[in-house]
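Residue-level structure breakdown
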Amino acid sequence: MKYFWEGYIHPILRLLRPRHIVEIGSAQGWNTHNLLRYISFSRRRLTIIDPSPMFDVQAVQEQHGERFQPILDISLNALPKIEHCDVVLIDGDHNWYTVYNELQLLTKMDPFPVVLFHDVEWPYARRDMYYFPETIPDPFRHKYAHLGVKRGQSQLTQDGMNASFCNAISEGGPRNGVLTAVEDFLHQTELPLSYYHVAKQYGLGIIVAGATSRQRRLIEYLNKQPTIERR
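Described in the following lines is the structure provided in the data block. As the structure is a computational prediction, the values presented were derived from the model and not from experiment. (Residues numbered from 1 in each chain as written. Predicted model: local features only at pLDDT ≥ 70, side-chain atom pairs only at ≥ 80, totals over all residues. Heavy atoms only, no water.)

**Quick word on empty space enclosed by the protein**
The condition that has to hold: As defined here, a cavity is a set of points on a 1 Å grid over the protein atoms alone where a 1.4 Å probe fits but cannot get out. A pocket is an open set with protein on both sides within 12 Å along at least five of seven lines, and residues line them when an atom is within 4 Å of a point. Grid points are joined across faces, edges and corners, and a volume is the space filled by probe spheres set on the points.
Applying the stated criterion to the full structure yields one cavity of 30 Å³ or more. Looking at the largest cavity, the residues that line it are I90, D91, G92, D93, H94, V99, H118 and V178.

**As for the sheet that holds strand 6 (residues 129-130)**
Applied cut-off: Only when DSSP finds a minimum of two bridges between them are two strands counted as paired. Only DSSP runs of H or I reaching four residues or more are called helices, and only runs of E reaching two or more are called strands; each is numbered from the N terminus.
Pairing is antiparallel across the open sheet formed by three strands, whose spatial order is 6-10-7. Of all the strands in the sheet, just strand 6 and strand 7 (144-145) have a single pairing partner and so form its edges. Strand direction decides the pairing type here: strand 6 and strand 10 (residues 166-168), joined by two bridges, are antiparallel. By the bridge assignment, Y130 is partnered in strand 10 with C166.

**Re the packing of aromatic side chains**
This is how the line gets drawn: Aromatic contacts are taken between Phe, Tyr and Trp rings whose centres are within 6.5 Å, Trp giving its six-membered ring; a plane angle under 30 degrees counts as stacked, one over 60 as edge-to-face, and the others as tilted. Partly exposed describes any residue whose relative accessible area lies between the buried limit of under 20% and the exposed limit of over 50%, with all areas from a 1.4 Å probe on protein chains only and scaled to the type maximum.
Per the counting criterion, the structure on display carries seven aromatic pairs. Here Y97 and F140 contribute two aromatic rings whose centre-to-centre distance is 5.1 Å and whose plane-to-plane angle is 40 degrees, an arrangement assigned as tilted. In this pair, Y97 is assigned in helix 5 (residues 96-106) and F140 in the loop between strand 6 and strand 7, connecting sequence segments 43 residues apart. Assessed through its relative accessible area of 17%, Y97 is described here as buried. With centroids separated by 5.9 Å and ring planes inclined at 70 degrees, the aromatic side chains of Y130 and Y144 adopt a geometry described as edge-to-face. Of this pair, Y130 sits in strand 6 while Y144 sits in strand 7; the two residues are 14 residues apart in sequence, bridging distant segments of the chain. Relative accessible area serves as the criterion here: at 1%, Y130 is assigned to the buried category.

**Some words on the packing of helix 1 (residues 5-16) against helix 7 (residues 213-223)**
So the rule is basically this: To obtain an axis, a line is fitted to C-alpha atoms, over the contacting stretch when the element is a helix, and the angle between two such axes runs from 0 to 180 degrees between their N-to-C directions. In this scheme the handedness of a crossing depends on how the near helix is turned from the far one: anticlockwise by less than a right angle means left-handed, clockwise means right-handed. Any two residues whose heavy atoms approach within 4.5 Å at even a single point are treated as in contact. Residues are grouped as follows: nonpolar covers Ala, Val, Leu, Ile, Met, Phe, Trp, Tyr, Cys and Pro; charged covers Asp, Glu, Lys and Arg; every other residue, Gly included, is treated as polar.
The contact between helix 1 and helix 7 brings their axes to 9 Å, and the two run at 145 degrees. Considering the relative orientation of helix 1 and helix 7, their crossing is right-handed. Facing helix 1, whose interface residues are G7, P11, I12, L15 and L16, helix 7 presents R214, Q215, R217, L218, Y221 and L222. Looking at side-chain class alone, the contact of helix 1 with helix 7 contains seven nonpolar, two polar and two charged residues.

**Here's the deal with the pattern of salt bridges**
Side chains that carry opposite charge are capable of pairing whenever their charged atoms lie near each other. To keep things clear, this is the line we draw: Note on definitions: salt bridges are taken to be side-chain nitrogens of Lys or Arg within 4 Å of carboxyl oxygens of Asp or Glu.
Counted according to the given criterion, the structure contains five salt bridges. Across the pair E183 and R126 runs a salt bridge whose closest N-O atoms are separated by 2.9 Å. Highlighted residues: E183 in helix 6 (residues 178-188) and R126 in the loop between strand 5 (114-118) and strand 6, separated in sequence by 57 residues. The class of E183 is partly exposed, set by a relative accessible area of 34%. Given a relative accessible area of 30%, R126 falls into the partly exposed group. The shortest N-O distance in the salt bridge between D159 and K150 comes to 3.0 Å. Owing to a relative accessible area of 56%, D159 belongs among the exposed residues under this scheme. Looking at K150, the relative accessible area reads 31%, which means it is partly exposed.

Structure representation (structure tokens):
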């Protein structure tokens, strides 16, 4: 997500002026610190959801106080605890089951927040990856291996990227991958949602409902950007 900050995320936040931002998957905190700088001089709040963030959460909590709320749990347990937010950044567990159900949980919020996703392009658009495979029910968990992905080939390999992760052995097919989850959700939901796609740096996806005046202004803005495709 950090690679999209200057060109995409920050302009979207400036336009929306969200009061409450939720980040799912903070990892080393690179994008978290961008978000913290954004909320520093306002009454805005940031909630991060990550079972094991790789930065000093306590130090950040001491610096930012109530404006920063960490939830150290997986997203499907944490999201029901959040009644409302304006923007959600999803860069957590990159698999169909998690992403699809994250979106289903967000439909309980009114209005539906603006949602930004990472990894809607190769390698995880059409392939599941599991940080915690034991949290995925058996019917939704593909066979996986600690092998890497290599551009241009579907088969996993020992010298590929992300070989330390639990990557689905098969690529493509039903209920497999982040973009597949987004597409399935959009196909099934009754909400009037628009989807936008940035096809670089492993992909950025954006869902906007247009339920508020600021969301409608965001749709007008996104429609004018040459590097953003409306699908």
